[in-house]
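Structural overview for review
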Amino acid sequence: MAGLKPTWGYSSGRRPLNGLRGVPALGLLCKANRASLQARNRHIVAHRTQKRGRIVRLTIKDYKSIGHADLDLRSGLNILIGPNGSGKTCLLSSLKFLRDAFRLGAAQALARQGGARRVYRHGCDAISFALADSYGQRIYHHGRVACSLSWGMTVKQAAAESIATISNETLTIAPDDNPGHPLFFIAVSRKGSFQKATPTINLPPITDFGRDLFKFWDSEYSSQPKARVAEAFPKLLKQILGRVLDEPDKSFLPALAAFDPVLANIIDSFTLLNEYNIVPDVARASSEQLPFAQMAPNGAAVSLVVDALENERYHKLEQVQWLELDDDYRSQRYFMERHSPQYYGYRRYYSPYSQRMTSPSLPQALANINKELAAAVRPITHVTVTTDPTNGKRFVVFMSGAEAFYPEEVSDGTVKWLCLLVSLFVPFSRVYLLEEPENFLHPWMQQRLIAVMREQAKQNNTIFFLSSHSATILNGAHPEEILIVTNWGCPVS
Ligand SMILES: Nc1ncnc2c1ncn2[C@@H]1O[C@H](COP(=O)(O)OP(=O)(O)OP(=O)(O)O)[C@@H](O)[C@H]1O
Ligand SMILES: [Mg+2]
């Protein structure tokens, strides 16, 4: 760690989020470099020197014990270390909160993380999140300009008995060389939970921009004159936002993401965010056959995944990003019907820009799972699936040559290891959270776990967040994979 030279501040091509720079930090997330930490010990940093693909920067304020944290969402391993009570679990919980806020609304997200009393930082009455991402090169005055997008929202509790309300939400797209002049801006604000919000929408002069500014223009209006786009687009935008504005705890970002690949990528990351907490008895239980095979983060239905791999039914394992939206999103429905062959009917929409979770190595997945399982657990050689003749349900069977061990006959650690291997070799998550794997894995398996995670991150661009107190995991980690979490601004080396 001694030779590590982190880059502090915002990475090139990325602007600081409005109003978030310079806020004193109580929760501190930082890299493993003592000197730099001391130089900037009131700011939160999660930067690495190595470039690891696309980066979305997430800023969290006043969530549980976190005063202010900047977290880079980028593929690869991110190992959170720090003393007990430093905020590792709070940080992972904030990611789940945001996932639930996008999927279900802020009120349900709050309820799922323990309710208002536990989620707002003590002494604070608002939680803020912000995201910053590159928006690529767009045509402007016949040339190309690099653009960035930033989004932010503040969740407030007007009173103890009122529901959580998104009091403020903004989306800005601006050129990197002139961030003060946004090309596209939407702001929604509400005073109370029962107040209908009026959006502020600032659109760019359409004649200045190419059709590639928004994917939406490009695909929806490709054959129409630009004057028509200028006339129709704001109306459609208001229509899309219309229903969201009636619901005080709903973010508009998922609704817009159905129309734009950059936004869809951000929403996909949160929709496909899972925390794995394998419960051996749940994984041991038999499962009914379904048209798709997906293991739950607690290990349920692992048998269906093994079954699909064994019988080479890979289509059952492909994960599609679903947006469960209301039937009132009429414009989206219209859009989906016209543009997406994957329209799944009433109340379910599939963004044409969302990506399927597939892995090019699915045909080798079972062999890899068996190899890692056999290497760790003697005398197991491979895993298979058997049907219970009394009810037709399937369950996993652990084989030692020709001898079969039923799930109740193998150890909890073996079942957990199988489920973790399935979650890695048959990816269900773009953002993968795992707390303290050392609590149930032998040191040798901990080493294998991070090695497999690294391989999978390379192949599938998965973002792994692990919390750990394990010396084995730390020894196996690369310095740039380690994030030190401290609660009160005191760096830890
Ligand atoms: N709403 C809140 N406001 C302020 N602080 C909070 C709030 N909720 C929890 N905390 C603080 O956050 C700390 C818990 O942090 P967390 O559970 O994330 O620690 P951790 O790093 O995961 O620790 P461990 O290694 O023991 O699992 C508690 O010590 C508590 O003081
Ligand atoms: Mg914890």
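Residues numbered from 1 in each chain as written. Chains lettered and ligands numbered in written order. Predicted model: local features only at pLDDT ≥ 70, side-chain atom pairs only at ≥ 80, totals over all residues.

**Observations regarding the site of ligand 1**
Note the cut-off: Placing a C-beta atom from the backbone of each residue, we mark the residue near a molecule or strand if the atom is within 6 Å of it. Secondary structure follows DSSP: runs of H or I at least 4 residues long count as helices, runs of E at least 2 residues long count as strands, and numbering of each begins at the N terminus. Amino acids outside the nonpolar list (Ala, Val, Leu, Ile, Met, Phe, Trp, Tyr, Cys, Pro) and the charged list (Asp, Glu, Lys, Arg) are all regarded as polar, and Gly is one of them.
What surrounds ligand 1 is a group of 13 residues, the closest being Ser65, Asn84, Gly85, Lys88 and Thr89. Per-element accounting of the shell around ligand 1 gives the leading share, three residues, to helix α2 (residues 88-104). When grouped by side-chain class, the residues that make up the shell around ligand 1 number one nonpolar, eight polar and four charged.

**Some details on the sheet that holds strand β3 (residues 66-74)**
Applied cut-off: Here, a strand pair is defined by DSSP locating no fewer than two bridges between the strands. All axes are obtained by fitting lines to C-alpha atoms, using only the stretch in contact for helices, and the reported angles, taken between N-to-C directions, cover 0 to 180 degrees. Throughout, a residue-residue contact means that the two C-beta atoms, derived from backbone geometry, are no farther apart than 7 Å.
Across the sheet, seven strands lie side by side as β3-β2-β5-β6-β7-β8-β9; this open sheet has antiparallel pairing. Each having just a single partner strand, β3 and β9 (198-202) make up the two edges of the open sheet. Averaged over neighbouring strand pairs, the angle between their axes works out to 15° when direction is ignored. Judged from the 11 bridges that link them, strand β6 (residues 143-157) and strand β7 (residues 164-175) form a sheet pairing that is antiparallel. Bridging across to β7, leucine 149 finds its partner in isoleucine 173. This element, helix α8 (residues 261-271), spans β2 (55-63), β3, β5 (126-140) and β6 of the sheet and lies at about 145° to β5.

**Let's talk about the packing of helix α12 (residues 362-376) against helix α13 (residues 412-425)**
Spelled out, the test is: Orientation categories follow fixed angle ranges, with anything under 35 degrees roughly parallel, anything over 145 roughly antiparallel, 65 to 115 roughly perpendicular, and all other angles oblique. In this scheme the crossing of two helices becomes right-handed for a clockwise turn of the near helix relative to the far one and left-handed for an anticlockwise turn of less than a right angle.
Orientation of α12 relative to α13, taken along the N-to-C sense of each, is 150°, at an axis distance of 10 Å. As far as their axial angle goes, α13 and α12 are roughly antiparallel. Like other packed secondary-structure pairs, α12 and α13 cross with a definite hand, here right-handed. Seen from α12, the contacting residues are Ala365, Asn368, Ile369, Glu372, Leu373 and Ala376; seen from α13, they are Trp417, Leu418, Leu421, Val422 and Phe425. Here the contact of α12 with α13 is composed, by residue class, of nine nonpolar, one polar and one charged.

**Looking at the confidence of the model for the chain**
Defined as follows: On a range of 0 to 100, pLDDT expresses the predictor's confidence in each residue.
Mean pLDDT over the chain stands at 81; residues scoring 70 or higher make up 78%. In the model, residues 321-349 has pLDDT below 50 throughout and makes 41 contacts with residues more than four positions away in sequence or in other chains.

**Describing the sheet that holds strand β12 (residues 394-400)**
Spatially, three strands are ordered β11-β12-β13 in an open sheet, and the strand pairing comes out antiparallel. On the outer flanks of this sheet lie β11 (382-387) and β13 (403-405), each paired with one strand and no other. Shown here is a sheet whose adjacent strand axes are inclined to one another by a mean of 45°, direction ignored. The pairing of β12 with β13 spans three bridges and is antiparallel. What sits directly across from methionine 399, in β13, is alanine 404. Its contacts with the sheet place helix α10 (residues 302-310) against β11 and β12, and it is angled at close to 70° to β12.

**Observations regarding α12**
We apply this condition: Working rule for helices: expected span equals 1.5 Å times residues minus one. Three exposure classes are used, all based on how many other C-beta atoms lie within 10 Å of a residue's own C-beta (placed from the backbone): buried at 20 or more, exposed at 12 or fewer, and partly exposed between those limits.
End to end, α12 covers 21 Å across 15 residues, agreeing with the expected 21 Å (1.5 Å per residue, within 8%). Every buried residue belonging to α12 is among Ala365, Leu366, Ile369, Asn370 and Glu372, and all of these are buried. Turning to α12, the residues buried within the fold contact α10, β11, α13 and α14 (443-460).

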